[in-house]
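Structural features, examined
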Amino acid sequence: MNTIYYAPAFAAFGGSAFGAISTIVTGWVTRRRRLRERHYSRSISKRERLYRSFIEEASRVYADALISDKSEIPQLVNLYALIGRMRILSSDQVVQAAERAGRVIIETYLSPNREFGDLPEFMEEMDPLRGFGEACRRELHSIPSH
């Protein structure tokens, strides 16, 4: 007879416990999802800043290489420092594309200087960062968002 009175109490306690546990689990899952989203967002931002810095530096150095025989060693060191950072954060395809762009810049320093009148002849080779940009775009689109 006493068990009849305990059944509703156990049911109420079980329901309360289940509600409390489900609230805790839901909060934990929500927090983990937010942390993952924040990590994803930071990862993308960090790579975008790195790639932008590389493109800006490589463009400056390439422009100098087109009109000068004298290489700017500090600028080349900066460029290769950025590639070194990419080795930590980026895919192999992005790093390889950055290294190819670096080689093109060095080869441009070693080649004869260009004049504005030479522009039509070398329009195709004038964008040594095209492959790098395409590799970056593929990488950024392939990073899972969750």
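Not measured: the values here are computed from a predicted model. (Residues numbered from 1 in each chain as written. Predicted model: local features only at pLDDT ≥ 70, side-chain atom pairs only at ≥ 80, totals over all residues. Heavy atoms only, no water.)

1. Concerning the overall build of the protein
- When you go through the protein residue by residue, the secondary structure sums to four helices and zero strands.
- Counting over 146 residues, the protein shows a buried share of 27%.
- Taking as baseline every contact in the protein between residues at least 6 positions apart, the subset at least 24 positions apart corresponds to 78%.
- Looking at the protein as shown, the accessible area adds up to about 10,500 Å², and 58% of this sits on carbon and sulfur atoms. (Helix = DSSP H or I, 4+ residues; strand = E, 2+ residues; numbered from the N terminus. Buried < 20%, exposed > 50% of the residue type's maximum accessible area, 1.4 Å probe, protein only. Contact = heavy atoms within 4.5 Å. Areas by Shrake-Rupley, 256 points an atom, 1.4 Å probe, with all protein chains shown as cover.)

2. A look at the nonpolar core
- By size, the foremost hydrophobic cluster in this structure holds 27 residues, and its most contacted members are Tyr51, Phe54, Met86, Val94, Ile105 and Phe132.
- Every element with two or more residues in this core is listed here: helix H1 (2-67), helix H2 (73-89), helix H3 (92-110) and helix H4 (130-142).
- Take this core: its biggest share by element is nine residues, from H1.
- Apart from the residues within four sequence positions on either side, Tyr51 is in contact with Met86, Ser90, Val94, Phe132, Cys136, Glu139 and Leu140. (Core = buried A, V, L, I, M, F, W, Y, C linked by side-chain atoms within 4.5 Å.)

3. Regarding the packing of aromatic side chains
- If you walk through the whole model with that rule in mind, you get two aromatic pairs.
- Ring centres 5.7 Å apart and planes at 85 degrees place the aromatic pair Tyr51 and Phe132 in the edge-to-face group. Taken together, the positions of Tyr51 in helix H1 and Phe132 in helix H4 put the pair 81 residues apart, joining distant regions of the chain.
- Owing to a relative accessible area of 4%, Tyr51 belongs among the buried residues under this scheme.
- For the ring pair Phe54 and Phe132, a centre distance of 4.6 Å and an interplane angle of 50 degrees mean the geometry is tilted. Linking Phe54 in helix H1 with Phe132 in helix H4, this pair joins segments that are 78 residues apart in sequence. (Phe/Tyr/Trp six-rings, centres within 6.5 Å; stacked < 30°, edge-to-face > 60°.)

4. Focus on the environment of Leu76
- Residue placement: Leu76 occurs in helix H2.
- For Leu76, a relative accessible area of 11% puts it in the buried group.
- A sequence separation of 18 residues divides Leu76 from Ala58, and the C-alpha atoms of the two residues are 8.4 Å apart.
- Dropping the residues within four chain positions of it, Leu76 is found in contact with Val61, Ser71, Ile105, Ile106 and Tyr109.

Structural measurements only, silent on function.
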